[in-house]
Structure formats: C-alpha cells, structure tokens
Amino acid sequence: ALVTSDTATIRVLIPNGTPALYAQRFQFIGPPDITNPPVPPAGPSQTVSIIGQRFANASFVSFGNVPAQSFSVRPGIAADTIRAVVGRGATGRIYVVTPGGIDSSDYTFTYQIPTPVISNISPTIGPTGTVVTINGNNFIDVQTVRFGGVLARSFTVVSPTQLQAVVSSSGASG
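Here is a short report on the structure shown in this document. (Residues numbered from 1 in each chain as written. Predicted model: local features only at pLDDT ≥ 70, side-chain atom pairs only at ≥ 80, totals over all residues. Heavy atoms only, no water.)

This part is about the side chain of Arg54. Counting through the fold element by element, Arg54 comes out in the loop between β4 (47–53) and β5 (60–63). Salt bridges are absent for the buried Arg54, whose nearest opposite-charge side chain, Asp33, sits at 4.5 Å. A distance of 2.7 Å separates a polar side-chain atom of Arg54 from the backbone oxygen of Pro31. (Helix = DSSP H or I, 4+ residues; strand = E, 2+ residues; numbered from the N terminus. Buried < 20%, exposed > 50% of the residue type's maximum accessible area, 1.4 Å probe, protein only. Lys, Arg positive; Asp, Glu negative; His and termini not counted. Salt bridge = Lys/Arg side-chain N within 4 Å of Asp/Glu carboxyl O. Polar contact = N/O pair within 3.5 Å; in protein donor to acceptor, adjacent residues only side chain to side chain.)

As a further point, take the pairing of strand β7 (residues 70–74). Inspection of the sheet shows β7 paired to strand β8 (residues 80–85) by five bridges, in the antiparallel sense. Bridge pairing in β8 links Val73 to Ile82. (Pairing = 2+ DSSP bridges.)

Pairing between sheet strands relies on hydrogen bonds along the backbone, with the strands arranged either parallel or antiparallel. Reading across from one edge, β6-β5-β9-β10 is the order of the four strands in this open sheet, with antiparallel pairing throughout. Of all strands in the sheet, those with a lone pairing partner are β6 (66–67) and β10 (101–104), marking the two edges. Judged from the two bridges that link them, β5 and β6 form a sheet pairing that is antiparallel. By the bridge assignment, Ser62 is partnered in β6 with Pro67.

Quick look at the sheet that holds β7 now. In space, the four strands of this open sheet follow the order β3-β4-β8-β7, with antiparallel pairing throughout. Bordering the open sheet on either side are β3 (33–34) and β7, each of which pairs with just one other strand.

What follows is about the pairing of strand β12 (residues 131–137). Examined bridge by bridge, strand β11 (residues 117–122) and β12 share five bridges and lie antiparallel to one another. Within β12, the residue paired with Ile121 across the bridge is Ile134. Taken together, the five bridges between β12 and strand β16 (residues 162–166) define a ladder with antiparallel strand orientation. The residue bridging Val131 from the neighbouring strand is Val166, located in β16.

Okay, the side chain of Thr130 next. With respect to the helices, strands and loops of the structure, Thr130 is situated in the loop between β11 and β12. From its side chain, Thr130 meets the backbone oxygen of Pro127 in a polar contact 2.6 Å long. Discounting residues that sit within four places of it in the chain, Thr130 has contacts with Pro123, Ala165, Val166 and Val167. (Contact = heavy atoms within 4.5 Å.)

Moving on: the pattern of salt bridges. Two side chains carrying opposite charge are able to pair once their charged atoms lie near each other. Applying the stated rule across the entire model yields one salt bridge. Across the salt bridge formed by Arg88 and Asp141, the nearest N and O atoms sit 2.5 Å from each other. Of this pair, Arg88 sits in the loop between β8 and β9 (94–98) while Asp141 sits in the loop between β12 and β13 (146–147), and the two are 53 residues apart along the sequence. With relative accessibility at 53%, the residue Arg88 sits in the exposed group.

Structure below.
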C-alpha cells in the first residue's frame with residue numbers, strides 16, 4: 001500500500017451528520033521507504049547512498065544494527081537520498097528512522113573490513129617484553145599480532161592507525 005504525506009482538515013461527525021470542523025490542518029507523515037537496489041559492500045568511513053521516499057527529518061541510519069558514523073538527507077522531487085558514512089558497521093539490513101516510522105532494506109548490506117596496511121614500526125629491534133608501536137591504516141577488528149610468525153604476548157589497538165604489541169618470550173625476527 002502506498003502511504004503518502006498529506007495535509008487535511010480535521011472533521012468530526014455526529015449521528016445527525018453535522019460535522020465539527022477544525023480549521024487548522026493536520027499533516028500525516030508516512031513512514032520512510034528504502035527503494036534502491038542493493039548497495040555495494042562498504043567499510044568504515046566509506047559513503048553509501050540510500051535512495052527512497054520520505055527521508056525528511058531522519059534521526060537514525062544504521063548498517064546491520066550499527067549506527068552510521070554520520071549521514072545527511074538530500075530531498076528530491078522523485079526520490080530522497082541519504083548519504084551515510086559507514087562506521088564500525090555489521091552485515092545486515094539498512095535501517096532508516098524518521099518521525100513517520102522506520103524502514104529496513106529488502107536486501108542485506110555487506111560490511112567490508114578493509115585490509116590492514118603497516119607503514120612502519122618502532123623500535124625495530126628489542127628483547128622479550130619490548131613494546132613495539134605499529135603505524136599504518138585499517139587496524140579495525142584486529143584479532144592477532146605476530147612477530148615472525150610468533151604471537152605477540154599482548155597488543156592494544158590505540159587507533160585505526162596505530163597498534164602497540166608486546167614481544168613474547170618466544171619472539172622471532174620477521
């Protein structure tokens with residue numbers, strides 16, 4: 001069923017058919033409607049365009065139930081567009097919330113974790129227990145750090161561009 005936004009005069013009828021009229025108009029706001037075909041996979045900080053209807057005053061956009069990092073709405077004549085920046089998303093449906101309600105995509109959005117890139121390390125030499133700072137990009141959802149194939153004793157993701165890892169007692173060069 002097509003639900004549209006509309007403005008109407010409010011009328012109340014009584015059994016004898018005499019209406020009570022209220023001059024101020026009421027505006028019905030229909031729920032959002034995501035209409036575009038599936039969007040390509042995207043990862044953190046990438047922008048995704050969501051096309052549909054009734055996106056005005058959207059208050060929430062998510063990818064797989066994880067909020068977008070940010071978004072903006074561009075109203076259109078034939079369709080509205082939301083340009084949303086993927087945060088630490090998840091694979092799943094896209095959701096849009098407006099004052100008129102909520103809608104989810106008919107397709108599954110694929111969250112794509114980017115490949116990490118190491119640009120440099122410091123220090124480049126050290127014994128067991130040395131804290132090595134690893135700089136680069138895309139340090140998101142890191143599960144292990146290895147030195148020459150040997151697991152680090154521990155590690156901390158400082159930011160998406162920096163890790164700190166502790167050389168284990170069985171450390172190796174590499």
